[in-house]
Amino acid sequence: MVGILRLMPPRVLIVDNAVHRFLFKPAWHWRAHLKGVETVAVNLPSGAAVPPLDRFTHVILTGSEASILDPKPWFETEAELIRHAVDRGIPILGSCFGHEMLVHALSGPEYLRRADRPEVGWAEVEIVGFDPLFDGLPDPWSTFVFHFGEVIDPPAPWRVLGRTPLCETHVLRYGDRSVWGIQAHPEISSRKARIFLRFTLLLGLRPARQILRALRNVPPRNDVADTIVRRFLEV
């Protein structure tokens, strides 16, 4: 199956985990880094059916407003998708909720918890393990973060590749499989993140104090997502 995938031009399945799709548009953010690549987005929270995986060379799992600690019926649909993709050797990249869902699907919910100190705004990711997907990126690299859950003590074969001051499991890889999870949202630019945070405040959503602090410290644009996505598609 892996050999067949390598003969196909890249075709990416974006598993869109947005619940309130008027506010959060993760497929749109990822497509900004997938120009020229054919993509299909499927929104699992709305009950959309999963297309046949043999039509795709890569899978991206997006973030979500849902909490991995508050199970929904569609969680198992996504977990099954992940397990089938791993069995087929299809490369997977998960971001935020997608990162947590990878661990939920492949190792179990006992390796997830509510973060002691949620990350809201921007964080510096320190590389602690070599991996071609992140080789050559600034160390640390700045990225947008907005999460309240986290992975804790992931079992083998998970390997920790990156951490932040508030999250020790920020970047993971499933052994030597082409399966990576990033707790952050590298796909969301500083400009788009600023708009998202302001809209979140207008809706009266929390945590307002942390959001206001983040808006006072918006970093300049960075292009790590372009590099990560390009290398992911080369797998």
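Residues numbered from 1 in each chain as written. Predicted model: local features only at pLDDT ≥ 70, side-chain atom pairs only at ≥ 80, totals over all residues. Heavy atoms only, no water.

1. Concerning the overall build of the protein
Part 1 of the reasoning: Per the secondary structure count, the protein includes seven helices and nine strands.
Part 2 of the reasoning: Taking 18 Å as the expected radius of gyration for a compact globule of 235 residues, we find that the protein reaches 16 Å, a close match to that expectation.
Part 3 of the reasoning: For the C-alpha atoms alone, the extent of the protein along its principal axes is close to 50 × 40 × 40 Å.
Part 4 of the reasoning: For the protein, buried positions account for 52% of its 235 residues.
Part 5 of the reasoning: Sequence-distant contacts, at least 24 apart, represent 74% of the contacts inside the protein between residues at least 6 apart.
Part 6 of the reasoning: Within the structure as shown, the protein displays about 11100 Å² of accessible surface, and the carbon and sulfur contribution to it stands at 53%.
Part 7 of the reasoning: A gap of 7 Å separates the mean positions of the 28 positive and 26 negative side-chain charges of the protein. (Helix = DSSP H or I, 4+ residues; strand = E, 2+ residues; numbered from the N terminus. Rg over C-alpha atoms; globule rule 2.2 N^0.38 Å. Buried < 20%, exposed > 50% of the residue type's maximum accessible area, 1.4 Å probe, protein only. Contact = heavy atoms within 4.5 Å. Areas by Shrake-Rupley, 256 points an atom, 1.4 Å probe, with all protein chains shown as cover. Lys, Arg positive; Asp, Glu negative; His and termini not counted. Charge placed at Lys NZ, Arg CZ, Asp CG, Glu CD.)

2. Looking at the environment of V125
Part 1 of the reasoning: With respect to the element layout, V125 can be found in strand β5 (residues 112-127).
Part 2 of the reasoning: When its relative accessible area of 0% is taken as the criterion, V125 is described as buried.
Part 3 of the reasoning: Separated by 43 residues in sequence, V125 and E168 have C-alpha atoms that sit 9.8 Å apart.
Part 4 of the reasoning: Beyond its immediate chain neighbours, meaning those up to four positions away, V125 contacts D139, P140, W141, T143, G162, R163, T164, H170 and V171.

3. Concerning the pattern of salt bridges
Part 1 of the reasoning: Counted under the stated rule, the structure contains ten salt bridges.
Part 2 of the reasoning: Its salt-bridge partner being E38, residue R11 comes within 2.9 Å of it at the nearest N-O pair. Residue R11 is found in strand β1 (residues 11-16), and its partner E38 is found in strand β2 (residues 38-43); the two are separated by 27 residues along the sequence.
Part 3 of the reasoning: Put simply, R159 and D176 hold a salt bridge, and the shortest N to O gap is 3.6 Å. Here R159 is found in strand β7 (residues 158-164), whereas its partner D176 is found in the loop between β8 (167-174) and β9 (179-182), with 17 residues between them in sequence. (Salt bridge = Lys/Arg side-chain N within 4 Å of Asp/Glu carboxyl O.)

4. Comments concerning a positive patch on the surface
Part 1 of the reasoning: Together, R117, R209, R213 and R216 make up a region of like positive charge exposed at the surface.
Part 2 of the reasoning: Here R117 is to be found in strand β5. (Patch = residues over 30% accessible without salt bridge, like charges linked within 9 Å, V, L, I, M, F, W, Y side chains within 5 Å.)

5. Concerning the packing of helix α3 (residues 73-88) against helix α4 (residues 97-106)
Part 1 of the reasoning: Close contact between α3 and α4 brings their axes to 9 Å; oriented N to C, the two are set at 75 degrees. Judged on the interaxial angle alone, α4 and α3 are roughly perpendicular. Along its contact with α3, which presents W74, F75, E78, A79, I82, R83 and V86, the element α4 presents F97, M101, L102, H104, A105 and L106.
Part 2 of the reasoning: Along the lines of polarity and charge, the residues of the contact of α3 with α4 split into ten nonpolar, one polar and two charged. (Axes fitted to C-alpha atoms, helices over the stretch in contact; angles between N-to-C directions. Parallel < 35°, antiparallel > 145°, perpendicular 65-115°, else oblique. Nonpolar A, V, L, I, M, F, W, Y, C, P; charged D, E, K, R; others polar.)

6. A few points about the sheet that holds β5
Part 1 of the reasoning: Spatially, β2-β1-β3-β4-β9-β8-β7-β5-β6 is the arrangement adopted by the nine strands of the open sheet, whose pairing is mixed. The two strands at the open ends of the sheet, each matched to only one other strand, are β2 and β6 (141-151). Strand after strand, the sheet turns through a mean of 25 degrees between neighbouring axes, direction not considered.
Part 2 of the reasoning: Of the strand pairs in this sheet, β5 and β6 are connected by ten bridges, and their pairing is antiparallel. Bridged to R113 within β6 is E150. (Pairing = 2+ DSSP bridges.)

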